[in-house]
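Each chain is listed here by its residues.
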2 protein chains.
Amino acid sequence: MDIRQVGALTFQLDFSQPLYEQILEQIRSALAKGEIGLGEKIPSVREMAHALKINPNTVMRAYKELERDGLTEKRRGQGTFVTTSEERVKTFRAELVKEYIDDFLNKMESLGYSWEDIEGYMQERGSRRKGSDLT
Amino acid sequence: MDIRQVGALTFQLDFSQPLYEQILEQIRSALAKGEIGLGEKIPSVREMAHALKINPNTVMRAYKELERDGLTEKRRGQGTFVTTSEERVKTFRAELVKEYIDDFLNKMESLGYSWEDIEGYMQERGSRRKGSDLT
DNA sequence: TAAGTGTATTAAGTGATATAATACACTTGA
DNA sequence: TCAAGTGTATTATATCACTTAATACACTTA
């Protein structure tokens, strides 16, 4: 409930999740949506920490994970930059999509819904485009 | 990685999530799938704790939440019983479904996918029924 | 050389989770 | 009546994830 602009990025943090995860996800999202271009610089650890009013270590933790996923490259003395590999971004996006879908289907199955139920609901929702009637 | 039978229920706990949440979800799931009938007794706090080798307080925490959701009723000296209201189970199920779907759609949108993308993928997946090609 | 980068370390505080031990109120059945 | 089995409550303790704080170092650029 408190939106902050940091460079080209927009952040909205709360306490429902670890801060470093929220930063991570919101940067990933910006990347996937193309809101940050390949090779572009993202805000420095210190700048980000100051703008979001959180500790630099917390920002570091998010940045480390971005690099571990191959989405960014760090250059000492210069800053952190988005990878120049469009391939890397694409495959990472695909991995996330698979994770989200599998997760969703697992949860629905835990409620006893079959694939047909879900498919049917999606079609119906597509035409109506609001609310939920699946019971 | 370690399956346990407790009465009519099956549990599989790990350390990826709080224990009380896992118990909660697995009982909900059994309820939604009709694996436990309306009005049926579920294992006592002590029995459950002993069978799962965890602390009774942890089981209590899960049971409290079940009751708060109106899914169970407790009777001192007798035990904990599933609600006799089919209506209650149905609406709770519907609430969960809505939560799962909204959550899923939010995540997909955070990756920049439109409703049409998702719908198309679901249809395609429906015919193929394995793997993921959405990139 | 100064200012801005990423990086590393050590210390501390907080809150959620889980365990342990114990006690009390209630219900049932022998 | 009473023992055994229920749910419930309390207090204390331990651990871990997360976050902050304070510092220091290596590197790059202007």
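Residues numbered from 1 in each chain as written. Chains lettered and ligands numbered in written order. Predicted model: local features only at pLDDT ≥ 70, side-chain atom pairs only at ≥ 80, totals over all residues. Heavy atoms only, no water.

If you check an unreviewed UniProt entry, chain A appears there as GntR family transcriptional regulator from Scopulibacillus daqui.

Participant: Describe in detail the interface of chain A and chain B, supporting the description with residues and values.
Facilitator: Facing 34 residues of chain A, the contacting portion of chain B comprises 34 residues. In this assembly, chain A packs against chain B so that about 3200 Å² is buried in total across both faces, 68% of it on carbon and sulfur atoms. Where chain A packs against chain B, one counts six residue pairs in polar contact (both at pLDDT 80 or more). If you list the elements that add at least two residues to the side of chain A that touches chain B, you get α1 (19–32), α4 (86–110) and α5 (115–128) of chain A. Top element by residues in the side of chain A that touches chain B is α4 of chain A. It accounts for 15 residues. Classifying every residue of the side of chain A that touches chain B gives 16 nonpolar, seven polar and eleven charged. (Contact = heavy atoms within 4.5 Å. Buried area = accessible area lost by both parts, 1.4 Å probe. Polar contact = N/O pair within 3.5 Å; in protein donor to acceptor, adjacent residues only side chain to side chain. Helix = DSSP H or I, 4+ residues; strand = E, 2+ residues; numbered from the N terminus. Nonpolar A, V, L, I, M, F, W, Y, C, P; charged D, E, K, R; others polar.)

Participant: Mind laying out the relation of the copies chain A and chain B, listing which residues take part and the relevant values?
Facilitator: By a simple turn and slide, chain A fits onto chain B: the slide is 0.1 Å along the axis, the RMSD is 0.1 Å, and the turn is 180 degrees. Taken together, the turn and the small shift mark the pair as related by a two-fold rotation axis. Rotation axis and chain A: the residue whose C-alpha lies nearest the axis is Phe104 of chain A, separated from it by 3.2 Å. Here 100% of the interface residues in chain A have copies in chain B that are interface residues too; the copies meet face to matching face. (Least-squares fit on C-alpha atoms with pLDDT ≥ 70 in both.)

Participant: Lay out the protein's contact with DNA strand C with the relevant residues and their values.
Facilitator: Taken together, 23 residues lie around DNA strand C, and Arg46 and Lys74 of chain A together with Leu19, Asn57 and Arg61 of chain B are the ones closest in. Considering the 4 Å shell around the protein, atoms of DNA strand C inside it are sugar or phosphate in 65% of instances. The separation between a base oxygen of DNA strand C and a polar main-chain atom of Gly77 of chain A is 3.2 Å. Thr80 of chain A has a polar side-chain atom sitting 3.2 Å from a phosphate oxygen of DNA strand C. When contributions to the surface near DNA strand C are tallied by element, the ones reaching two or more residues are α2 (45–52), α3 (56–68) and β5 (79–82) of chain A together with α1 (19–32) and α3 (56–68) of chain B. When residues of the surface near DNA strand C are assigned to their parent elements, the largest contribution, three residues, is made by α3 of chain B. Split into classes, the residues belonging to the surface near DNA strand C amount to six nonpolar, eleven polar and six charged. (Near = heavy atom within 4 Å.)

Participant: Pulling in residues and values, what's your account of the domain arrangement of chain A?
Facilitator: Residue and element names in this part refer to chain A. Assigned domains of chain A: these are domain 1 (3–84) and domain 2 (87–128). Relative placement of domain 1 and domain 2: their C-alpha centres are 27 Å apart. On the side of domain 2, five residues touch domain 1, which itself brings eight residues to the contact. In total, about 570 Å² of surface goes out of reach between domain 1 and domain 2, with carbon and sulfur atoms giving 72% of it. Looking only at domain 1, the three residues that lose the most surface to domain 2 are Arg28, Ala32 and Leu71, adding up to 54% of its buried area. For the pair domain 1 and domain 2, the interface holds two residue pairs in polar contact (both at pLDDT 80 or more). Taken together, the residues of the side of domain 1 that touches domain 2 break down into four nonpolar, two polar and two charged. (Domains from an automatic or database assignment.)

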